[in-house]
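Understanding the architecture of this molecule
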Amino acid sequence: MLEQLLIFTRGGLILWELGNALKGSPIDALIRSCLLEERSADAAFHFDAPGGGAAYTLKWAFDNDLGLVFVAVYQRIFHLLYVDDLLAAARREFSQIYDPKRTSYGDFDEIFRQLQKEAEARAEEMRKSKQAGRVPVAPSKKQAPSGAARGSGKQRSSGGGGNGGGSGKDECDGDSGKGRWLANGSSNGQENGINENSRAPNTVVKGKENGAPEIGAFDVNKLQKLRSKGGKKTHTGGGGTKVAKAEPTKTVKKNRVWDDSPSESRLDYTDPANERGEGHAEVVAADQGESMMDKEEVVSSDSELEEDEELENEKPGIKKKGWFSSMLQSISGNAVLEKSDLQPALKALKDRLMTKNVAEEIAEKLCESVAASLEGKKLGSFTRVSSTVQTAMEEALLRILTPKRSIDILRDVHAAKDQGRPYVVVFVGVNGVGKSTNLAKVAYWLLQHNINVMLAACDTFRSGAVEQLRTHARRLQIPIFEKGYEKDPAIVAKEAIQEAKRNNSDVVLVDTAGRMQDNEPLMRALSKLINLNNPDLVLFVGEALVGNDAVDQLTKFNQRLADLSTVPNARLIDGILLTKFDTIDDKVGAALSMVYVSGAPVMFVGCGQSYTDLKKLNVKSIVKTLLK
Amino acid sequence: MEQLIHRVEEWVHQQPIEQIYVAFAVLLFTISFFGLLHVLRRSKSNTILLAGLSGSGKTVLFYQLRDGSPHLGTVTSMEPNDGTFVLHSELEKKGKLNPVHLIDVPGHSRLRPKLDEFLPHSAGVIFVVDSLDFLPNCQAAAEYLYDMLTKAIIVKRKIPILILCNKADKVTAHSKEFIRKQLEKEVDKLRTSRSAISTADIANDFTLGIPGEGFAFCQCRNKVTVAESSGLTGEVSQVEQFIRELVKP
């Protein structure tokens, strides 16, 4: 069932391989789009081989101490339950036989085959027991997410697919920017209706509200244990999932979507079994009601998960160490980093990031990702946990903010000029962020490099927008294409580009009307404009003052552009223009949130209201400011 | 002033002649000692960097040079591969060989800053280019190359760069001449566009080539050569030659 299982070093050498190389090289895609983007705390990665190949799901585990990565690839249609379990077991076994000098591990074949059999057997058992104890449960109302539940819900890392739609939605929020990923929390599909318990916000687990059916309480909990931590419901589960319960059979009612949640390709959100048996913790959780919520976070936020035994204890991973012994360990450098050690340092970092105006969920995801990469690592001598965490976070931030593609616009303009067509830039964003002002600044900058610019007034809605652009054009002495108000912006843009071709302009800057990300008809109009004209650069203009809304704005914009596009390769946001940078002193977090969510680099930074106030983002100084 | 000189001369004449000779000899010795150390230290660095775009074959080359085979294959590197070893092909040679410190820096654009950590200690850089999939990546490769050629360290210390056209064993791979010309053209274009950037954001420390003329690698102050190789089949003789030139056995 498994297409491929790969064990490789962080440096790139494959140490052991099961199965053949797959078309489209999903592993490379995983590394590039997920692990290097600090999303290593996600549950799974979905990959569609280009050219209509098969669709795969990838799951991974790290061994941070030895610097190894374990990746399992299987077809998305197979909802394999035992993968996480298998990965953890493989990691255990392999780390024992690993030797940095060795490069071939033929003897691991046997061991692995055994592990696979065991894991499959275990999964079979669990499925049987799950089917035995099915209980209908009324879907609980969505709850105002408590911080903890939210945090844990969002990050459902590994632990096998979390709640289907629940975490699916989470990932959608986080990943929809990436267009093609069908963010599905997990690929496991379980028909039992009970699973949706996990959907119900952990509240059910935590014995909140409908005090989950007491009768079924135990069974439910038993099932919870099979659930991956994903069992945490996602508060954002806006995708109201009203899944049919009580139906032990496969037919599941179609989910009604209550708001703009992205349409899930999977309709079955039943929670997959948690192969690692982490559910043990949840069994205990139910009994202790709310108090477990915090602990839960400790446990579950554990992406790769340590041994199951540890989970059976009520206090997973929280060992009390004396001050002296911890001091000794930090000097001798043999301490192995564990979740509990990282928690306080990470919490402090997260708070610090949030005071710098980084969106809350981004800070959370980042911290989880850093935790995932540090767990199990041996502390160097004379280093404290907090300094290790700080360095890791700094590296992660640097990695995220470094653009992954060239942001040299001038070169692209020249390239377009060579091809004999104008370079089209479209400015999009919500109301009042500074699109028109910064458009003029960009025009001014381009003019300074002897490039012919033309403005296109496609904001045909706001009164005075066309006049504003006309004034700028007059001051900069550049041509402007306008058609007045109440015209279709897409058509205006099209004609503007034709005009530019005629009068040999190198660049066309298209101004659009500000629109809220929730406004369906306006987003549709924007999508039409972009599809019709296929611009070279779609620049999202966002203000640096924005807080948590940045995430929402960018996700929804990208999502709309992806959904309403007519071509398979939808044009998404290519770059970000950060405005009003001079108004924030050191609360530069918005830059991080936006870049993390959309993956697009920050191309310009507007820092004032005159033509010259445009500059490039200095990654190092931002990172320094964020961590100060 | 002249009195001072006169005084000194008298004093010198008064010393026994052997002492002066000895003093002189000691001075000479110390100077030559430090001079030798300085020269030796310079060439002591035996670090070679493997850089290039993601997917060009650096990790394969690394393992080829180290073990003689790329084992089971590679995936995109997330961390640098660092090793000090004697080149595999030279293991059979008798005599004491100087081990080479080879560092394979990941090519993914997000990990680019790592290159700057290793440059100060390196004796040479091998810039690996994928000659199979060259044209789609030509711009990105040229940009990376340009960034490297204009780094202060490379220019000041004249670190030699070998542009390696990897995957030359494939039938549809481009020739090294073609690649060289294309790269020169692209770098030329970059030269004009980059130097036009406003003073606020100059990322590159130096400008390349001679203004007014097309760019050519021979115009660089450091030595830039082009060679071919194939990581998978083991055709790495030109690479080893380059390495041996820099790291004396």
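Before any of the text, the structure's been laid out above.
Predicted model only: the values in this text are computed from it and were never measured. (Residues numbered from 1 in each chain as written. Chains lettered and ligands numbered in written order. Predicted model: local features only at pLDDT ≥ 70, side-chain atom pairs only at ≥ 80, totals over all residues. Heavy atoms only, no water.)

Considerations on the overall build of chain B
- In terms of regular secondary structure, chain B is built from eight helices and six strands.
- Ordered by position from the N terminus, the helices and strands of chain B form the series α-α-β-α-β-β-α-β-α-α-β-α-β-α.
- Burial analysis of chain B (249 residues in total) assigns 45% to the buried set.
- A separation threshold of at least 6 residues defines the contact pool for chain B, and within that pool the share at least 24 residues apart is 76%.
- A total accessible area of about 13,300 Å² is found for chain B, and carbon and sulfur atoms account for 60% of it. (Helix = DSSP H or I, 4+ residues; strand = E, 2+ residues; numbered from the N terminus. Buried < 20%, exposed > 50% of the residue type's maximum accessible area, 1.4 Å probe, protein only. Contact = heavy atoms within 4.5 Å. Areas by Shrake-Rupley, 256 points an atom, 1.4 Å probe, with all protein chains shown as cover.)

A look at the interface of chain A and chain B
- Taken residue by residue, the interface counts 37 residues in chain A and 33 residues in chain B.
- Interface of chain A and chain B: buried area, both sides summed, is about 3,000 Å²; carbon and sulfur atoms make up 54% of it.
- Together, Arg10, Leu13 and Arg411 of chain A form the three largest contributors to the area buried by chain A at its contact with chain B, with a combined 21%.
- In this structure, the connection of chain A to chain B is made through three salt bridges.
- Elements represented by at least two residues in the side of chain A that touches chain B include exactly strand 1 (2–9), strand 2 (14–18), helix 1 (26–35), helix 14 (385–401) and helix 15 (409–418) of chain A. (Buried area = accessible area lost by both parts, 1.4 Å probe. Salt bridge = Lys/Arg side-chain N within 4 Å of Asp/Glu carboxyl O.)

Regarding unusual backbone geometry
Residues and elements named next belong to chain A.
- The phi dihedral of asparagine 357 falls on the positive side, at around 70 degrees, and the residue is not glycine.
- Within the secondary structure layout, asparagine 357 lies in the loop between helix 12 (339–355) and helix 13 (360–374).
- Judged by relative accessible area, asparagine 357 falls into the buried class, the value being 17%.
- At glutamate 486, a residue that is not glycine, the phi angle is positive and equals roughly 60 degrees.
- Along the chain, glutamate 486 falls in the loop between strand 8 (480–481) and helix 18 (489–502).
- Under the relative-accessibility criterion, glutamate 486 is labelled exposed at 69%.

Quick look at the nonpolar core
- If you look at the biggest cluster of nonpolar residues, it comprises 108 residues, and the most contacted ones within it are Met393, Phe427, Leu455, Leu509, Met594 and Phe604 of chain A.
- Of all hydrophobic cores here, the second largest spans 47 residues; its members include Leu2 of chain A together with Phe62, Tyr63 and Leu87 of chain B. (Core = buried A, V, L, I, M, F, W, Y, C linked by side-chain atoms within 4.5 Å.)

Details of the sheet that holds strand 4 (residues 122–130) of chain B
Residue and element names in this part refer to chain B.
- Strand order in the open sheet made by the six strands is 2-3-1-4-5-6, with mixed pairing throughout. Of all the strands in the sheet, the pair left with one neighbour each is strand 2 (81–85) and strand 6 (224–228). Strand-to-strand twist in this sheet, taken as the mean axis angle between neighbours without regard to direction, amounts to 20 degrees.
- Bridge analysis of strand 1 (residues 47–52) against strand 4 gives six bridges, and the strand direction is parallel. Looking at strand 4, one finds that threonine 47 is bridged to serine 122.
- Docked against the sheet, helix 5 (residues 134–149) engages strand 1, strand 4, strand 5 (161–166) and strand 6, running at close to 165 degrees with respect to strand 4.
- Its contacts with the sheet put helix 8 (residues 237–246) on strand 1, strand 3 (100–104), strand 4, strand 5 and strand 6, and the angle it makes with strand 4 is roughly 165 degrees. (Pairing = 2+ DSSP bridges. Axes fitted to C-alpha atoms, helices over the stretch in contact; angles between N-to-C directions.)

So, a nonpolar patch on the surface
All names here are of chain B.
- Taken together, the side chains of Phe29, Phe33, Phe34 and Leu37 make up a nonpolar region of the molecular surface, amounting to roughly 440 Å² of accessible area.
- Following the sequence through the fold, leucine 37 ends up in helix 2 (residues 17–44).
- Under the relative-accessibility criterion, leucine 37 is labelled partly exposed at 35%. (Patch = residues over 30% accessible without salt bridge, like charges linked within 9 Å, V, L, I, M, F, W, Y side chains within 5 Å.)

Describing the sheet that holds strand 3 (residues 45–48) of chain A
All names here are of chain A.
- Read from one edge to the other, the open sheet built from five strands follows the order 2-1-5-4-3, with strand pairing classed as antiparallel. This sheet does not close on itself; its edge strands, each paired only once, are strand 2 and strand 3. Here the strands of the sheet are splayed against their neighbours by 20 degrees on average, with no regard to which way each runs.
- With four bridges connecting them, strand 1 and strand 2 associate as antiparallel partners. Counterpart to isoleucine 7 in the pairing with strand 2 is tryptophan 16.
- Strand contacts of helix 3 (residues 108–132): strand 1 and strand 2, with the helix running at about 50 degrees to strand 2, the strand carrying the most contacts.

Everything listed is a geometric property; what it means functionally is a separate question.
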